[in-house]
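Fold and geometry: a report
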Amino acid sequence: MRRLFAFIRMLAIVLVFGALIGFAWLSNNPNAEIVDRAVEWPLVGPLAEAFRDSYRPPSETAVAQERGVGRRLARLIDGEPVRNADGSPSVQVIYQEPDGPIGARETVWVEPGMVLRTEPIETADVVMTLQVIVNLPVLERDGPWFRLRRRKGVEGWAYLPDLPAEGQPLYGSAPALVLPIPGEPPSEEQLASARRHIGDLEEGRVGPHRLLTDVDDPELLAYLDRVASQVETVYKRRFGLQPIDQPRAAVVLFAYNKDYRAFQNETERIRGLPAAGHATAGMLALWRGGHARSLVAATLAHEMVHLINRRAVGPALPPWLDEGMAEAIGTSKINDDGTLDPTAFGGVAVHGGGRVTYAGGQSAVHQLRARLRSGRLVPLDELVRFDWESFVESSDRQIHYAQAGGFVRFLLDSPYADGFRQYLSRVSRGETPDADRLWSTLAAEPEDVQRDFNDWLRSR
């Protein structure tokens, strides 16, 4: 018996030691095939995905900062890094780290096709050609040239001769109107890219959208179709907006995470981000994996709102508003028959191993309440002034999404609802969606709205 106990102790030591070695190896190899497989498994899939996203390094266009010197910027051509003879990315140190929080800087809207260069001259090397309408922080100005930051480690000089003269507000006196735009169908390039990464392709419909998928689950597809068919109706009722034109984008539903990631990495705007889905002009993409069907439907609803926003409010919204509106509907309760209840939080709770793991809307509520208790909730007046990099690239990205969605829900379910819908209406007519206009339209001070939001959150 004594030998048996000794053997059991030795076996336990070996197993613990092996687990520690395995964890260390996986944390340095978060993209390993075994992790991708685990993401597809039921129940443990969300935990495996959270592990992978926590240890995944930044994309190779986001290169580490040199302390006290600046950042190394990867040179890009058509979105891909230029490489040296040995295969390493070619980089240049092009700026000193600017002072002050990014969210407090002036910003400018730029359009697809805008070129960022390494220096403020027309013959300088191209860093990147922007593919979307986006609001970028201004780091420096040299006459009509503006040094803009696209994301961490990727920035350059843009020639913008039509902006106000130096000393005048960039985002104030005569801003260009950003109005709702018609629905856009997928381009041939988008369709070709999706087909390269998807398995056995089947075509169908999901709500008002054309569907391309390799998911062989008729029951799930019928469920997603029922959910998608309600999103625009719920959107109109909740936000009081009437989208123009018709939905024309295609939905691509991948069966496996690895195929979705390969497709995602061909989209410059969200390359390397731990997204469960994304929407661009003409296309919405997401993946099935081992997720509960309500979570897949929630992702679909979230991304559909981004497409509707383009048709109802405009394609260039501040991140808290664009993501907050998407989260407000994407975290809705979805009943077994596929009906949406936007007044209640949805999501799932997975019990196992003596603990409960929340996902979807329930996860957002728990995160926000925990932040509120610890005093680490982002002040609302700061949240609504974030630029896209501060909102998305931060390590607090997840809580920013949750808080933006919670804030929009609160506005719709509070005495501020009429003021918020008026704000949305004004933005849809071309008025700038800045923070000061929000507070003035709500007819309230940020501190008062913050207090009411905190009380609302405690009551959830």
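Residues numbered from 1 in each chain as written. Predicted model: local features only at pLDDT ≥ 70, side-chain atom pairs only at ≥ 80, totals over all residues. Heavy atoms only, no water.

1. Details of the overall build of the protein chain
Note the cut-off: Here a helix means four or more residues in a row that DSSP labels H or I, a strand means two or more in a row labelled E, and each is numbered from the N terminus. Throughout, a contact is declared for two residues whenever any of their heavy atoms are within 4.5 Å. In this description, accessible areas are obtained by the Shrake-Rupley approach with a 1.4 Å probe, and a residue is regarded as covered only by the protein chains that are shown.
Each helix and strand in the protein chain was counted, giving 15 helices and 20 strands. Taking as baseline every contact in the protein chain between residues at least 6 positions apart, the subset at least 24 positions apart corresponds to 63%. Of the roughly 21,900 Å² of accessible surface on the protein chain, 53% is carried by carbon and sulfur atoms.

2. Some points on the pattern of salt bridges
Note the threshold: The term salt bridge refers to a pairing of a side-chain nitrogen on Lys or Arg with a carboxyl oxygen on Asp or Glu at a separation within 4 Å. For each residue, the accessible area found with a 1.4 Å probe, counting protein chains only, is set against the maximum for its type, and the residue is called buried under 20%, exposed over 50%, and partly exposed in between.
Under the criterion given, the structure shown has 20 salt bridges. Two residues, Arg 385 and Asp 381, come together in a salt bridge whose shortest N-O distance is 3.2 Å. Arg 385 gets classed as partly exposed once you look at its relative accessible area, which sits at 36%. Between Arg 451 and Asp 452 there is a salt bridge, and its shortest N-O distance comes to 3.6 Å.

3. Here we look at the pairing of strand S14 (residues 250–254)
Put simply, the test is: In this description, strands pair whenever DSSP reports at least two bridges between them. By convention a crossover is right-handed if, when the strands point away from the viewer, the path from the first strand over the helix to the second runs clockwise.
The element S14 is extensively covered by neighbouring structure, given that five of its five residues are classed as buried. Of the two faces of S14, the one carrying Ala 250, Val 252 and Phe 254 and the one carrying Val 251 and Leu 253 are both buried. Two elements, strand S13 (residues 209–213) and S14, share four bridges in a ladder whose sense is parallel. Paired with Leu 211 across the bridge in S14 is Val 251. Handedness of the S13-helix H5 (residues 218–239)-S14 crossover: left-handed. Examined bridge by bridge, S14 and strand S16 (residues 283–287) share five bridges and lie parallel to one another.

4. Section: the environment of Gly 406
Assignment of secondary structure puts Gly 406 in helix H12 (residues 397–412). The exposure class of Gly 406 is buried, given its relative accessible area of 2%. Remark: the alpha-carbon pair of Gly 406 and Thr 331, spanning 75 residues in sequence, is separated by 9.4 Å. Among all residues touching Gly 406, those that are not within four sequence positions of it are Leu 368, Phe 453 and Trp 456.

5. Overview of the side chain of Gln 264
To keep it simple, the criterion reads: Two N or O atoms count as a polar contact when they lie within 3.5 Å, although within protein this holds only if one can serve as hydrogen donor and the other as acceptor, and sequence-adjacent residues are included solely when both atoms are side-chain atoms.
Within the secondary structure, Gln 264 is located in helix H6 (residues 257–264). Judged by its relative accessible area of 1%, Gln 264 falls in the buried class. Polar side-chain contacts of Gln 264 include one of 2.9 Å to the side chain of Arg 261.

6. A word on unusual backbone geometry
With a phi angle near 55 degrees, Asp 245 is a residue other than glycine that sits in the positive phi range. Looking at the element boundaries, Asp 245 is found in the loop between H5 and S14. Located in the positive-phi region is Ala 443, a residue other than glycine, with phi close to 55 degrees. Here Ala 443 shows up in the loop between helix H14 (435–442) and helix H15 (446–458).

7. So, the packing of helix H8 (residues 319–330) against H12
Worth spelling out the cut-off: Orientation is described by axes fitted as lines to C-alpha atoms, over the contacting stretch for helices, and by angles from 0 to 180 degrees between their N-to-C directions. Every angle not falling under 35 degrees, over 145, or within 65 to 115 is termed oblique; those three ranges are roughly parallel, roughly antiparallel and roughly perpendicular. Each residue gets one label: Ala, Val, Leu, Ile, Met, Phe, Trp, Tyr, Cys and Pro are nonpolar, Asp, Glu, Lys and Arg are charged, and the others, such as Gly, are polar.
Running from amino to carboxyl end, H8 crosses H12 at an angle of 75 degrees, the nearest separation of the two axes being 7 Å. As summarised for this structure, H8 and H12 are arranged roughly perpendicular, according to the angle between their axes. Contacts between H8 and H12 involve Trp 320, Glu 323, Gly 324, Met 325, Glu 327 and Ala 328 from the former and Tyr 401, Ala 402, Ala 404, Gly 405, Phe 407, Val 408 and Arg 409 from the latter. Among the residues forming the contact of H8 with H12, the class breakdown is eight nonpolar, two polar and three charged.

8. Some words on H14
For clarity, the cut-off: Working definition: the arc comes from the directions between the helix axis and the C-beta atoms, pointing outward to the latter.
All of the buried residues in H14 are Ala 435, Leu 438, Trp 439, Thr 441 and Leu 442. Viewed along the axis of H14, the buried residues span an arc of 165 degrees, placing them on a single side of the element. Residues of H14 that are exposed and point more than 90 degrees away from the buried face comprise Asp 436 and Ser 440. On its buried side, H14 packs onto H8, helix H10 (380–383), H12, helix H13 (417–428) and H15. At the exit of H14 stands Ala 443, carrying a positive phi of roughly 55 degrees.

9. Description of the confidence of the model for the protein chain
To keep it simple, the criterion reads: Each residue gets a pLDDT score, which is the predictor's confidence in that residue and runs from 0 to 100.
Taken over all residues, the pLDDT of the protein chain has a mean of 79, while the share at 70 or more is 71%. Here residues 54–84 scores under 50 on pLDDT; set against residues more than four positions off or in separate chains, the count is 86 contacts. Confidence drops under pLDDT 50 across residues 88–104; counting only partners more than four residues distant or on other chains, this segment forms 55 contacts.

10. Some points on the packing of aromatic side chains
Heads up, the condition is: Working definition: a ring pair exists when centres of Phe, Tyr or Trp rings (six-membered ring for Trp) sit within 6.5 Å. Plane angles under 30 degrees give stacked, over 60 give edge-to-face, the rest tilted. Look at NZ for Lys and CZ for Arg. If either is within 6 Å of the ring centre and within 35 degrees of the ring normal, a charge sits over the ring.
Tallying each qualifying case throughout the model produces 15 aromatic pairs. Taken together, a centroid distance of 5.6 Å and an interplanar angle of 45 degrees make the contact between Trp 320 and Phe 407 tilted. Residue Trp 320 is found in helix H8, and its partner Phe 407 is found in helix H12; the two are separated by 87 residues along the sequence. Accessibility classification places Trp 320 together with Phe 407 in one group, the buried group. Joined through ring pairs, the aromatic side chains of Trp 320, Phe 407, Phe 410, Tyr 416, Phe 420, Tyr 423, Trp 439, Phe 453 and Trp 456 make up one cluster. Sitting over the face of the ring of Tyr 223, Arg 293 holds its NZ or CZ atom 3.9 Å from the ring centroid. Arg 409 extends its terminal NZ or CZ atom over the ring of Phe 345, reaching a point 4.0 Å from the ring centre.

11. Topic: the sheet that holds S14
The strand order across the open sheet formed by five strands is S12-S13-S14-S16-S15, and the pairing between neighbours is mixed. If you trace the sheet from one side to the other, it starts and ends with strand S12 (202–206) and strand S15 (277–280), each paired once. When the angles between neighbouring strand axes are averaged without regard to direction, this sheet yields 20 degrees. The sheet strands contacting helix H4 (residues 188–197) are S12, S13, S14, S15 and S16, and the helix crosses S13 at an angle near 30 degrees.

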